[in-house]
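Observations on the three-dimensional arrangement
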Amino acid sequence: MELPVLNEIPASKGGCSAGSCGSTDDQMNHLSEEIRAKVQNHPCYSEDAHHYFARMHVAVAPACNIQCHYCNRKYDCANESRPGVVSELLTPDQAVKKTMAVAANIPQMTVLGIAGPGDPLANPERTFETFRQLSQDAPDIKLCVSTNGLALPDSVEELSKHNIDHVTITINCVDPEIGAKIYPWIFWENRRIKGKKGANILIEQQQKGLEMLVAKGILVKVNSVMIPGVNDKHLAEVSKIVKAKGAFLHNVMPLIAEAEHGTFYGVMGQRGPNAAELQDLQDECSGDMNMMRHCRQCRADAVGLLGEDRGDEFTMDKIETMEIDYQAAMEKRKVIHQAIEAEMNSKREVKAEKAEQFAQEEKMTTRPVLMAVATSGQGVINVHFGHAKEFLVYEASPDGVRFISHRKADQYCGGDTTCGDGESVLQRTIRSLEGCEAVLCSKVGFEPWELLEQAGIMPNGEHAMEPIEDAVMAVYKEMAQSGRLDEAEQAERAVA
């Protein structure tokens, strides 16, 4: 059985067309009712849902059965935000208690995932005991697992027993020659196997596990790490193969390779992709299947909306003092979830109406533009530039608006009225917006306004609390009317 993908409309430059991008269409329209019910409130599987619903990961799986050149697991670490890092390792009992505490206090939380800090399926007793208890004690929470896939075929039956209908497999290649450059070894049948031979076993297990999951009707998302000079030219082929085998979604993520993280790639100076390279590859892959572009490469103990981490509020010492009436919490969560879904459905209807109107308008002939947006959720512009910890990047074009990526940023302003000495942080934030021609936020201070303009980025605080895509298109039309998008202006920007 091959599951439907979000979007099979052919498109130029990878899969973005007037019928598939942002405000011009709704990805959910392409899904069956059964699949829609599974993903509509899953923040990692639905681009819409990530504005409203929260997720959490519990760190119950310390051991790993492969070594990746981009991975360095760290325990008791609160200073890094990347996969494989946790502040606390938990027992299954602690994980269940923490999950129920978070679900009671963050009613928007819909998904519990086990993603490490090692590989969940290399720790089957701890992983499945956690799932067993949660499926019994918190039946309203979706359960997910992320795996490298080496032990996946032996775990598919057990996964299906626990009502797990979302699995993520990290597949970085389908060529053992490339795999040997990413994985120095795997631990297989009680021995360490190195190089091409080990990579070949891993690839075979991943593909077998993918096929078995799809046959069970379990949704599969494939994660791939983009490593320039290693697998960047190969991932389009990976995308074609996993789609053909029934994967539902492909998430191409940038390599995180700062030397201070202590990974092999980081120490050896392997660079990660820049924003333009990542976007080009995602667009290329999206011609074959739908791309996830809102991934935050979360810690293995992340809590909250994508783009935020509230883990400090739910350490085990704090949870021990909480009194949780989960039955009452479930009733409250049900009401809140229904209200959120009603709001999302209402916005989708409005979006569809606007798309119909847009399709009838005379198309502009202007070039596409990237714009950064400061938001804390709900799909509106609601964050002061100086308070933003990340920016969402959208592309506006004559075909409409589509979400492209997110850019992490250091918080420039730490207070409500004064920002202190934030010059170096501000400069880094502006550099993170490279390629964007406008930044939309609820408010922008005088100093960043001036520096943004000097960097060729137009600051805009005129659309506070407006829907993101409406505001982006409005600014795009203003730019077109003012002549900022004509060929002479584009040539002038290129020279500058």
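Here's what I pulled together on the structure shown here. Model, not experiment: these values are computed from the prediction.

1. Some thoughts on the environment of G116
Topologically, G116 is positioned in the loop between β3 (109–114) and α3 (124–137). Given a relative accessible area of 0%, G116 falls into the buried group. Put simply, G116 and D301 are 185 residues apart on the chain and 8.2 Å apart in space, counted from C-alpha to C-alpha.

2. What about the pairing of β3?
Of all 6 residues in β3, 6 are buried, a share of seventy percent or more. In this structure, strand β1 (residues 54–57) lies alongside β3, joined through 4 bridges in parallel fashion. Within β3, the position partnered with H57 by the bridge is G113. As judged from the 4 bridges shared by β3 and strand β4 (residues 142–147), these two strands associate in the parallel manner. Along β4, the bridge assignment pairs V111 with K142. In this region the chain leaves β3, passes through α3 and returns to the parallel neighbour β4; the handedness of that crossover is right-handed.

3. Regarding helix α9 (residues 275–285)
Those residues of α9 that fall on the buried side of the exposure criterion are L278, Q279, L281, Q282, D283 and C285. Capping of α9 at its N-terminal end is provided by N274; its side-chain oxygen lies 3.2 Å from the backbone amide nitrogen of A276.

4. A closer look at the pattern of salt bridges
Pairing between side chains becomes possible if they bear opposite charge and their charged atoms approach one another. On inspection of all chains with the given rule, the structure shows 11 salt bridges. Here K97 and E320 are joined by a salt bridge, their closest N and O atoms 2.9 Å apart. Taken together, the positions of K97 in helix α2 (residues 92–105) and E320 in the loop between α10 (316–319) and α11 (326–360) put the pair 223 residues apart, joining distant regions of the chain. Given the relative accessible area of 47%, E320 is considered partly exposed.

Criteria and thresholds
- Residues numbered from 1 in each chain as written.
- Predicted model: local features only at pLDDT ≥ 70, side-chain atom pairs only at ≥ 80, totals over all residues.
- Heavy atoms only, no water.
- Helix = DSSP H or I, 4+ residues; strand = E, 2+ residues; numbered from the N terminus.
- Buried < 20%, exposed > 50% of the residue type's maximum accessible area, 1.4 Å probe, protein only.
- Pairing = 2+ DSSP bridges.
- Right-handed = clockwise from strand over helix to strand, strands pointing away.
- Polar contact = N/O pair within 3.5 Å; in protein donor to acceptor, adjacent residues only side chain to side chain.
- Salt bridge = Lys/Arg side-chain N within 4 Å of Asp/Glu carboxyl O.

Purely spatial values, then, with no claim about function.
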